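Single-letter residue listing:
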Amino acid sequence: MSGRSLECELDAQECVRHSAPRLATRATITAGTSAMTRNITLTINGRKRTDAVEPRMLLIHYLREEVGLTGPHIACETSLCGACTVHLDGKAIKSCTMFAVQADGREVLTIEGLAADGKLDPMQEAFWNEHGLQCGFCTPGMIMTAKQIIERNPKPTDEEIRHGLEGNLCRCTGYQHIVNAVRTAAGK
Ligand code: FES
Ligand code: FES
C-alpha cells in the first residue's frame with residue numbers, strides 16, 4: 001500500500017470547502033440568529049465532553065478556543081497547509097475543513113492526546129531525535145499525518161512518505177529531517 005496525501009481526507013458531504021455553496025446557504029440562514037447554538041458531544045483525547053456551539057464554528061476553532069487544545073494550529077484556513085490536522089474517528093483530517101457540529105458524536109485525537117504516562121509517542125520521539133522540526137509550527141499537523149502514513153503503510157519508502165506528507169507544508173526544515181523521522185518511527 002502506498003502513502004496517501006492529505007489534500008483532503010473528508011468526503012464531499014463533510015468538507016466545508018467541497019460543499020461551500022450548500023453550507024454557505026446554511027450559514028446565511030443562521031446569520032440572523034447568531035445566538036443560536038447547538039449541543040455537541042465529542043470524545044476528545046479519550047474524554048467525552050458536551051458544549052454548545054454555533055453551527056458556523058469550524059472544528060479547529062472549537063478545539064482551540066472552546067476546548068483549549070492549542071496544539072492543532074491555524075494557518076491558511078483553506079485546507080492547504082495541514083497545520084490543523086487532527087484524527088477524526090481514526091482518520092487524519094484538516095480541522096479547518098469541517099464544522100464542529102459535523103464532529104458531533106465522533107472521536108477526535110489531537111497532538112495533546114498522543115503522549116501517555118509521561119512518555120512521548122514513538123512518532124513524537126522520532127521527530128525529536130531526527131530534528132524533524134525547527135520553529136515547530138507545522139509539527140503537530142505533521143505528526144498526526146505521519147502517524148496515519150505508517151498506520152496505512154508500516155514500511156513506507158521515502159517517496160511514499162513524501163507523497164503522504166504532500167498536504168502538510170513546512171517553511172523551515174526542507175523536509176528531509178521530517179522524512180527521516182517518519183522512516184525512523186516506521187522502523188520501530
Ligand atoms: Fe487547516 Fe491550513 S489551517 S489546512
Ligand atoms: Fe517551522 Fe515546519 S518547523 S514550519
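Residues numbered from 1 in each chain as written. Chains lettered and ligands numbered in written order. Predicted model: local features only at pLDDT ≥ 70, side-chain atom pairs only at ≥ 80, totals over all residues. Heavy atoms only, no water.

(A) View of the pattern of salt bridges. One pass over the structure, following the stated rule, counts six salt bridges. Close ionic contact of Arg-56 with Glu-54 constitutes a salt bridge, the shortest N to O distance being 2.8 Å. Close ionic contact of Arg-183 with Asp-158 constitutes a salt bridge, the shortest N to O distance being 2.8 Å. Of this pair, Arg-183 sits in helix α6 (residues 176-186) while Asp-158 is found in helix α5 (residues 158-164), placing the two residues 25 residues apart along the sequence. Exposure remark for Arg-183: the relative accessible area of 35% places this residue in the partly exposed category. Looking at Asp-158, the relative accessible area reads 29%, which means it is partly exposed. (Salt bridge = Lys/Arg side-chain N within 4 Å of Asp/Glu carboxyl O. Helix = DSSP H or I, 4+ residues; strand = E, 2+ residues; numbered from the N terminus. Buried < 20%, exposed > 50% of the residue type's maximum accessible area, 1.4 Å probe, protein only.)

(B) How the structure looks around the nonpolar core. Among the nonpolar cores identified, the biggest contains 23 residues, and Leu-42, Ile-44, Leu-59 and Tyr-62 are the most heavily contacted of them. Sorting the residues of this core by element identifies β1 (38-44), α2 (59-66) and β3 (85-88) as the ones contributing at least two each. Setting aside anything within four residues of it in sequence, one finds Leu-42 in contact with Arg-47, Lys-48, Arg-49, Leu-59, Tyr-62, Ala-103, Asp-104, Arg-106 and Val-108. Membership of the second largest hydrophobic core comes to 19 residues, among which are Leu-114, Met-142, Ala-146 and Val-182. (Core = buried A, V, L, I, M, F, W, Y, C linked by side-chain atoms within 4.5 Å. Contact = heavy atoms within 4.5 Å.)

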